[in-house]
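# Summary of structural features
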Amino acid sequence: MKKILIIICFLFLAYSQNNRQETATLIGEFNYEFNEMETTEEAKINCQRRAIINALENHFLSLKTQHILKPLEIDCILPNLININIIEQTSSNISLFIKVQVTFVSESLRECLI
């Protein structure tokens, strides 16, 4: 009985280590000029999206790759966000600045590249 319990514990440990997903936390920012046709909420969503894309672009620059993100890659990566934290947000009558910290599953970054 003791051997079976040890084997079960070992298998559980091996399974949990294998399924643990590594994450990447990135920081990006964007200064967005308001458009007369959009609401403040739409501007915030657009600015936040651009800040996330900036975080991804900065990540690839830090790896010293020549890779330029394509729209399909961005659309693939964005649903794999684990967490979005707005670190800083300032606005005026004509612009909005957002700085974000985003966490991704590292594997999703590699899987989405074309």
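Just so we're clear, the structure is a prediction, and the values are computed from it rather than from any experiment.

### Focus: the nonpolar core
Grouped together as the largest cluster of nonpolar side chains are 22 residues, with contacts concentrated most on Leu56, Ile77, Val102 and Phe104. Contributions of two or more residues to this core are made by strand E1 (23–33), helix H2 (40–62), helix H3 (71–77), strand E3 (95–105) and helix H4 (106–112). Considering every element that reaches this core, the biggest residue donor is H2, with eight residues. Setting aside its immediate chain neighbours within four residues, leucine 56 contacts Leu26, Leu69, Ile77, Phe104 and Leu109.

### Concerning the pattern of salt bridges
Inspection of every chain in the model, using the stated rule, returns one salt bridge. Residue arginine 49 is joined to aspartate 75 by a salt bridge in which the shortest nitrogen-to-oxygen separation is 3.2 Å. Taken together, the residues span a long stretch of sequence, with arginine 49 in helix H2 and aspartate 75 in helix H3 at a distance of 26 residues. For arginine 49, a relative accessible area of 36% gives the class partly exposed.

### Thoughts on the sheet that holds strand E2 (residues 81–91)
Overall, antiparallel pairing links the three strands, which are arranged E1-E3-E2 in an open sheet. In the strand order of this sheet, the two ends are held by E1 and E2, each with one partner. For this sheet, the mean inter-axis angle between neighbouring strands, taken without regard to orientation, is 15 degrees. In this structure, E2 lies alongside E3, joined through nine bridges in antiparallel fashion. Within E3, the residue paired with asparagine 85 across the bridge is glutamine 101. Of the strands in this sheet, E1, E2 and E3 are in contact with H2, which crosses E1 at around 130 degrees.

### A closer look at the environment of cysteine 76
Mapped onto the secondary structure, cysteine 76 falls in helix H3. Judged by its relative accessible area of 31%, cysteine 76 is partly exposed. For the pair cysteine 76 and leucine 113, spaced 37 residues apart in the sequence, the C-alpha separation amounts to 8.6 Å.

### Notes on the state of the cysteines
Joining two cysteines, a disulfide is a covalent bond between their sulfur atoms. What the rule picks out here adds up to one disulfide. Linked covalently through their sulfurs, cysteine 76 and cysteine 112 form a disulfide whose S-S length is 2.0 Å. The disulfide joining cysteine 76 to cysteine 112 has a torsion of about -65 degrees about its S-S bond and is therefore left-handed. Of the two residues, cysteine 76 sits in helix H3 while cysteine 112 sits in helix H4, which places them 36 residues apart along the sequence.

### Focus: the pairing of E3
The two faces of the sheet receive side chains in turn, since in a regular strand these alternate between them. Across the 11 residues of E3, nine count as buried, placing the element largely inside the fold. Two strands pair when backbone bridges link them, and E1 and E3 are joined in this way by 11 bridges, in the antiparallel orientation. Residue pairing in the sheet places leucine 26 in a bridge with valine 102 of E3. The turn joining E2 and E3, which pair antiparallel and follow one another in sequence, is formed by three residues.

The rules behind each value
- Residues numbered from 1 in each chain as written.
- Predicted model: local features only at pLDDT ≥ 70, side-chain atom pairs only at ≥ 80, totals over all residues.
- Heavy atoms only, no water.
- Core = buried A, V, L, I, M, F, W, Y, C linked by side-chain atoms within 4.5 Å.
- Buried < 20%, exposed > 50% of the residue type's maximum accessible area, 1.4 Å probe, protein only.
- Helix = DSSP H or I, 4+ residues; strand = E, 2+ residues; numbered from the N terminus.
- Contact = heavy atoms within 4.5 Å.
- Salt bridge = Lys/Arg side-chain N within 4 Å of Asp/Glu carboxyl O.
- Pairing = 2+ DSSP bridges.
- Axes fitted to C-alpha atoms, helices over the stretch in contact; angles between N-to-C directions.
- Disulfide = S-S within 2.5 Å.

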